[in-house]
Amino acid sequence: MRTLQVALAERSYDIHIGAGLLSTFPLADRVCGNQVMVVTNETIAPLYLEALVSRLSHLQCDTLVLPDGERFKTLDTLERIFDALMAHGHSRTTTLVALGGGVIGDMVGFAAACYQRGVDFIQVPTTLLAQVDSSVGGKTAVNHPRGKNMIGAFHQPNLVLIDTDVLDTLPERELAAGLAEVIKYGLIRDPAFYQWLETRSADLLSRDKEALSEAIYRSCLNKAQVVADDETEQGNRALLNLGHTFGHAIETATGYSEWLHGEAVATGMLMAVYMSAELGWLDRALINRLRDQLRAWKLPTAVPAPMTPAQFMELMALDKKVQNGRLRLVLLRALGDAVVTADYDPQALQRTLEAFCDR
Ligand code: NAD
Ligand code: GLY
């Protein structure tokens, strides 16, 4: 087992990473009160719920199995969590455990932020994306019909428990979507990691345990450092959104049903790299290098056929990084050196959108 810490003074917490932790880690010892509620979904429950619950047997351990899917990341589903907590008499000292991908993690984290004005919660992420990104850092939310993650809170977990063995059952498309968020850390702040990922590209897709474990560790290390420096995204935490402004436009245009989040981020990152090169900030060679890498992981590198530059501009205007009417974008000045800025030539953005929408 390897351990990292997210250093946030009195809210600091550990991230444990290892094979088989779900059934070996002494989870009950890390729960403060005598009540827990494990929340998961109907896909994950038959695979991993029993193993986790067996580690909590001498506590009052209740479980809630929710339907699977981003479309259930809503206030209605949140109410089901509160109903279950109330029905089973959970008090202010309860601990919620999120067993699942980013959808379960974001939703249970938000429930923990709200229930009785805030209770403990533990993240047990089961997708690669959740293990390398969403379970760390305390961003929690549900969607509103008019926008993704629009209702939420910062609420840090008390522990992140990453069992790398659960990735054995993850569909390949979900694994690749997680790899998009992994390579993001290389692009924005860790060029040596980027090079390492290129050399271990095939191993990662074929789920080589040692390669995946190292990729998770290095991703969490990068994320923990960014979060410790800027917990509530006043500055550099926004760099974690490389490719997300373009990507969210793709997700919205396709109705959050065709593209996985990581897939949209993959194409979005390529667009951000292309635009950085158009601005003359970056060697164009990185465009091909990144495109080749994304293709090797079977990730998309082109925008959906009907999308136009005007549609991108309209959708990107709704981005959370818009400030005083100006669209801030995460761009690269070099591999491993990202900035978030509204200070760019808008023509470079226009040329980028035209290049990607020109079919
Ligand atoms: P997800 O939670 O929908 O999981 C993807 C699919 O994989 C689901 O069908 C799930 O049931 C299934 N699954 C999960 N683990 C499995 C396993 N081990 N074996 C088999 N199937 C498994 O999607 P995701 O990609 O994990 O997360 C996406 C969500 O994360 C989005 O809502 C996004 O907004 C959010 N997110 C949050 C942050 C953050 O910082 N809080 C960061 C990135 C993304
Ligand atoms: N995934 C973006 C963040 O945690 O800030």
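This text follows the structure it describes.
Please read these numbers as outputs of a predicted model, since none were measured by experiment.

K.L.:
I'm lost on the site of ligand 1 in this one. Help?
P.N.:
Taken together, 26 residues form the shell around ligand 1, and within it Asp68, Glu70, Lys73, Thr127 and Thr169 come nearest. Side-chain polar atom of Glu70 to an oxygen atom of ligand 1: 2.7 Å apart, as the coordinates give it. A distance of 2.8 Å is found between a nitrogen atom of ligand 1 and a side-chain nitrogen or oxygen belonging to Thr126. Protein chains bury 88% of the 870 Å² of accessible surface belonging to ligand 1 in isolation. Elements that contribute at least two residues to the shell around ligand 1 include exactly helix H2 (45-53), helix H4 (102-114), helix H5 (128-134) and strand E8 (147-154).

K.L.:
Is there a simple way to think about helix H7 (residues 191-199) in this case?
P.N.:
One turn of the α-helix equals 3.6 residues, which is why residues spaced by three or four share an orientation. Among the residues of H7, Phe193, Tyr194 and Leu197 are the ones counted as buried. The buried residues of H7 occupy an angular sector of 105° when projected down its axis, which confines them to one face. Its buried side turned inward, H7 meets helix H6 (172-189), helix H8 (201-205), helix H9 (209-229) and helix H12 (285-296).

K.L.:
I keep staring at unusual backbone geometry and nothing clicks. Help me out?
P.N.:
Peptide bonds are, in most cases, trans, and in most cases residues other than glycine have a negative phi. Non-glycine residue Arg117 carries a positive phi angle of around 65°. Mapping Arg117 onto the fold places it in the loop between H4 and strand E6 (120-125). By relative accessible area, which is 80% here, Arg117 ends up exposed. The backbone phi angle of Lys298 is positive, close to 60°, even though this residue is not glycine. In this fold, Lys298 is placed in the loop between H12 and helix H13 (309-316). A residue is classified by how much of its surface remains accessible, and Lys298, at 58% relative accessible area, is exposed.

Cut-offs used in this document
- Residues numbered from 1 in each chain as written.
- Chains lettered and ligands numbered in written order.
- Predicted model: local features only at pLDDT ≥ 70, side-chain atom pairs only at ≥ 80, totals over all residues.
- Heavy atoms only, no water.
- Near = heavy atom within 4 Å.
- Polar contact = N/O pair within 3.5 Å; in protein donor to acceptor, adjacent residues only side chain to side chain.
- Areas by Shrake-Rupley, 256 points an atom, 1.4 Å probe, with all protein chains shown as cover.
- Helix = DSSP H or I, 4+ residues; strand = E, 2+ residues; numbered from the N terminus.
- Buried < 20%, exposed > 50% of the residue type's maximum accessible area, 1.4 Å probe, protein only.
- Arc of directions from axis to C-beta.
- Contact = heavy atoms within 4.5 Å.

So, to be careful, I would describe these as geometric facts and stop short of saying anything about function.
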